Amino acid sequence: MNTPAPPTPSIIAPWTVAPAEAPPTVEEGSFAAVVVPAKPERIFHYRVPSALAGSVQPGMRVRVPFGPRSLDGYVVQLLDRSDVETVKPLTAVLDAEPILGPSILALTRWMAEYYLAPWGKVLAAAVPAGLKVGAEKRVILTDAGRAVDEAGVRGAVQRRILAALRSHPGPITLARLAKRAGSIAGLPALLDRGWVTEAPTAPGPTPRLRPYVSLVDAGLLPSGTGPRGPLQRAVLEALAVRHGAFVSDLGLGAGAACRALASRGVVTMSLREPACDPYGRVSESTPAPVLTADQGSAVSTLVDALSRRRFAPYLLWGVTGSGKTEVYLQAMASALAMGRGCLLLVPEIGLTGQIVQQVRARFGDEVAVLHSGLSSRERFAAWTRIRRGQAHVALGTRSALWAPLPNVGLIVVDEEQDASYKQEDGVRYHARDSAVVLGSQAGAVVVLGSATPSLESYANAVAGRYGLLRLPDRVESRSLPTVRLVGLGAGPDGGDVLSPELHAGIDARLVRGEQVLLLLNRRGYAPVVVCRDCGVAARCPQCSVGLTYHRERGKLCCHYCGFSIAPKDRCEGCGGHRITLRGVGTEQVEERLRAAWPSARVARMDRDTTQSRLAHDGLLDAMRRGDTDILVGTQMIAKGHDLPNVTLVGIINADVGLSLPDFRATERVFQLLAQAAGRSGRGERPGEVIVQTRRPTHEAFLFAQRHDVAGFYEQELLRRRELGYPPYGRLAIVLMTGIDERRVIDAAAAAASAGAELAADGVSLLGPAPAPLWRLKGRHRWQLILKGPRGPAVRDAAHSLVTTLRAGRLPRGVTVDLNVDPHHVL
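Residues numbered from 1 in each chain as written. Predicted model: local features only at pLDDT ≥ 70, side-chain atom pairs only at ≥ 80, totals over all residues. Heavy atoms only, no water.

S.K.: Any chance you could explain the packing of aromatic side chains here in plain terms?
M.R.: Taken as a whole and assessed by the stated rule, the structure comprises 14 aromatic pairs. Here the aromatic rings of tyrosine 458 and tyrosine 713 are separated by 5.1 Å at their centres, their planes lie at 85°, and the arrangement is edge-to-face. Of this pair, tyrosine 458 sits in helix 14 (residues 455-462) while tyrosine 713 is found in helix 20 (residues 709-723), placing the two residues 255 residues apart along the sequence. The exposure classification of tyrosine 458 matches that of tyrosine 713, with both residues buried. (Phe/Tyr/Trp six-rings, centres within 6.5 Å; stacked < 30°, edge-to-face > 60°. Helix = DSSP H or I, 4+ residues; strand = E, 2+ residues; numbered from the N terminus. Buried < 20%, exposed > 50% of the residue type's maximum accessible area, 1.4 Å probe, protein only.)

S.K.: How do you make sense of the sheet that holds strand 33 (residues 815-820) when you look at a structure like this?
M.R.: Picture the strands of a sheet paired through backbone hydrogen bonds; they go either parallel or antiparallel. The strand order across the open sheet formed by four strands is 31-32-30-33, and the pairing between neighbours is antiparallel. The strands lining the two open edges of the sheet, one partner per strand, are strand 31 (764-776) and strand 33. Within the sheet, the average angular offset between the axes of one strand and its neighbour, ignoring direction, is 25°. In terms of strand pairing, strand 31 meets strand 32 (residues 779-788) through seven bridges, oriented antiparallel. Paired with leucine 766 across the bridge in strand 32 is isoleucine 785. (Pairing = 2+ DSSP bridges. Axes fitted to C-alpha atoms, helices over the stretch in contact; angles between N-to-C directions.)

S.K.: Explain the sheet that holds strand 29 (residues 688-693) here, please?
M.R.: One open sheet holds the six strands; their spatial order is 19-29-28-20-27-26, and the pairing between them is parallel. Two strands bound the open sheet, and with one partner strand each, they are strand 19 (482-487) and strand 26 (602-605). Looking at each pair of strands side by side, their axes are set apart by 20° on average, direction ignored. Along the sheet face, helix 15 (residues 500-512) touches strand 19, strand 20 (515-519), strand 27 (630-633), strand 28 (646-651) and strand 29 and points at about 160° away from the line of strand 28. Helix 17 (residues 615-625) contacts strand 20, strand 26, strand 27 and strand 28 of the sheet and is inclined by roughly 145° relative to strand 26. (Contact = heavy atoms within 4.5 Å.)

S.K.: How should helix 10 (residues 324-337) be read in this particular structure?
M.R.: Here helix 10 spans 20 Å end to end across 14 residues, near enough to the 20 Å set by a 1.5 Å rise per residue. Helix 10 sits mainly inside the fold: 10 of its 14 residues count as buried. All of the buried residues in helix 10 are Lys324, Glu326, Val327, Tyr328, Leu329, Gln330, Ala331, Met332, Ser334 and Ala335. Glycine 339 lies just past helix 10 and shows a positive phi near 80°. (Expected span 1.5 Å × (residues − 1).)

S.K.: It is not clear to me how the pattern of salt bridges should be interpreted in this structure. Could you clarify?
M.R.: Side chains that carry opposite charge are capable of pairing whenever their charged atoms lie near each other. Applying the stated criterion across every chain, the model contains 34 salt bridges. Across the pair glutamate 688 and arginine 484 runs a salt bridge, and its minimum N-O distance is 3.0 Å. Pair noted here: glutamate 688 is in strand 29 and arginine 484 is in strand 19, with a separation of 204 residues, a long-range link. Put simply, glutamate 667 and arginine 720 hold a salt bridge, and the shortest N to O gap is 2.8 Å. Taken together, the residues glutamate 667 in helix 18 (residues 665-677) and arginine 720 in helix 20 connect sequence positions 53 residues apart. Each member of the pair, glutamate 667 as well as arginine 720, carries the same accessibility label: buried. One continuous salt-bridge network, built from bridges that share partners, spans Arg484, Arg509, Arg512, Glu514, Arg685 and Glu688. (Salt bridge = Lys/Arg side-chain N within 4 Å of Asp/Glu carboxyl O.)

Next comes the structure, spelled out in structure tokens:
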């Protein structure tokens, strides 16, 4: 099979940036192109002085003069000449070796160009928190400062600063110095005199060292040094098994016992940094199962593509329960055997725990995990292991895209259709599309896996731009669940929360010792709090949304800005007392389940119950152990989880999200429904899905009932083609926001006028109009949508429009933002 050419985005980018070649030898008079995140819009040239010749490479952090200040930046290129009239020299090199490899530099450059974002902002997103430039500066006492006589120091503040530095071994942050000295107002004078100097930025978070105790060889111990008392005896017994341990892990009172034993030479004590691994020990190794014929064919195709060492994108389209993960694992094993690294992306933190255990069980310590739910220290530790070649499998959410794998051969994007892959603030990149570009630059095989692919990926596969790998059947010939559509009532709450059919289904499963998943994509207790006298609903004062009642917190809450207020017994509008709750959220469903089945073990999984670290894993582990009978939750329960004893999935209200003013609304509802249905019947017992809806004849539900993904997609693609929406058209949103509504409206009108002149090459301008979410966090929002058949023309028009607006001085307090290939138009 011929390797497909790189597609054009959102299908994929129309151009790529070749990986940088080996850096040239730096000679006196050479120049460095530096991106300074504090001034991210431009690239600055600096001369490499002879003292630093040979020590500067692309991907390093450097300190550069910038007006009267010194700033940190990233070297992105070395140059033989510069057309800048006056070029200042670099001040310092902050790294012994590059922290950004050629592949990451190339990817960030492409992203900056494609998503029309400043390169400095993209680089800042790609670097672990502990290595970001602009981190808090640290200072250290020089030899001259250590030798100076206090009598020659002017002012009490300077003397306190010197005293604080003398008592602190090594560099100290400005914040800590200010706390110790009371003020750092005298620091500039000390820097000028050469008594204090700036220390290089620390390579990562400052280590948090903890006391560690080790047992001395018994043959080396003098007589009479045995344990004295039960605490010392307990410490020695523990160390006899572990050989060494952190004192804090040995129990209450162990510190004093360890110090006493150390004073007699029985143990040695030192300071160590604990391993940063929140997932604990590596899972026990598991053998690879026998593959089905379809799995075997998919693995064979991927291994053949890997052996050619050329870019090859594939869509792995497999029904839920068809064994896509096993295809990933066996392809990864082949890539590792060829000496190449693997990147595995998952859309949400809630999916990482399960797949971490599966991947670690196969590859052990080769795996490093990266996602935003980890502490900065844990992320940096994982990043460092990958960079040092101690781990060759990077696994995580979209931020794992930046893993410093030096020779990536296989990139897997699981649940590739998921909206979580699109970053909705900052640099608005799409991790799936960026992963395909990374693969094209690295000559890697890229696998996009899903039971319900995005229409963009589906269209790419149909057109031959992606190879198509099908897994049409579940493993072990298990059947897909039956799907029943149940009509909801016509009242304001749609009748009872649980229809008679769903109630009976839950009853039957509990009697048989089986488990139930219930999906409702609304958290809280009730989404609407309304006055029955005047009809006015409680709304957020900062956002154009209603407040949701959370009974556990006793608050009315905004899910966008975090505003909350205690509920009131009187309407602020009319003074009426008939305040009522309408609609149903996951809290209320949980309450009703406990009332209906008092002996059942009910749990809830939504954003409110998963705030703590690894909370997702705890809830899902309880299901796998059989400690939970019914799990109710939002969409986070619908994707990727393998729960073999779940035989019933209930969709409480399938209509949620169906009427949103977004051209992808129907696609998202269909995908969520199909994904949720896929959690049922994955074990030996057959599964059932009960879908409660007010619109049982809607095409999304009818196609889902038949498990007819292709049929739904073909019909949806016809509609998209007629309307010119992706994948047959391209979009960019120009968003204006500000506190003053009048100024935002004026800016939107000016943008429409300028856009009418700039739009060309088939690009049309929609708007200006208030954004569907027209007020957010106190800022009014108006938008224009640029739409056209070709991505480059849409981006060029969007870039010209934003540049024109900024050059024309937007009204005071109004900002303009740009979103290329938006996944949501809200």
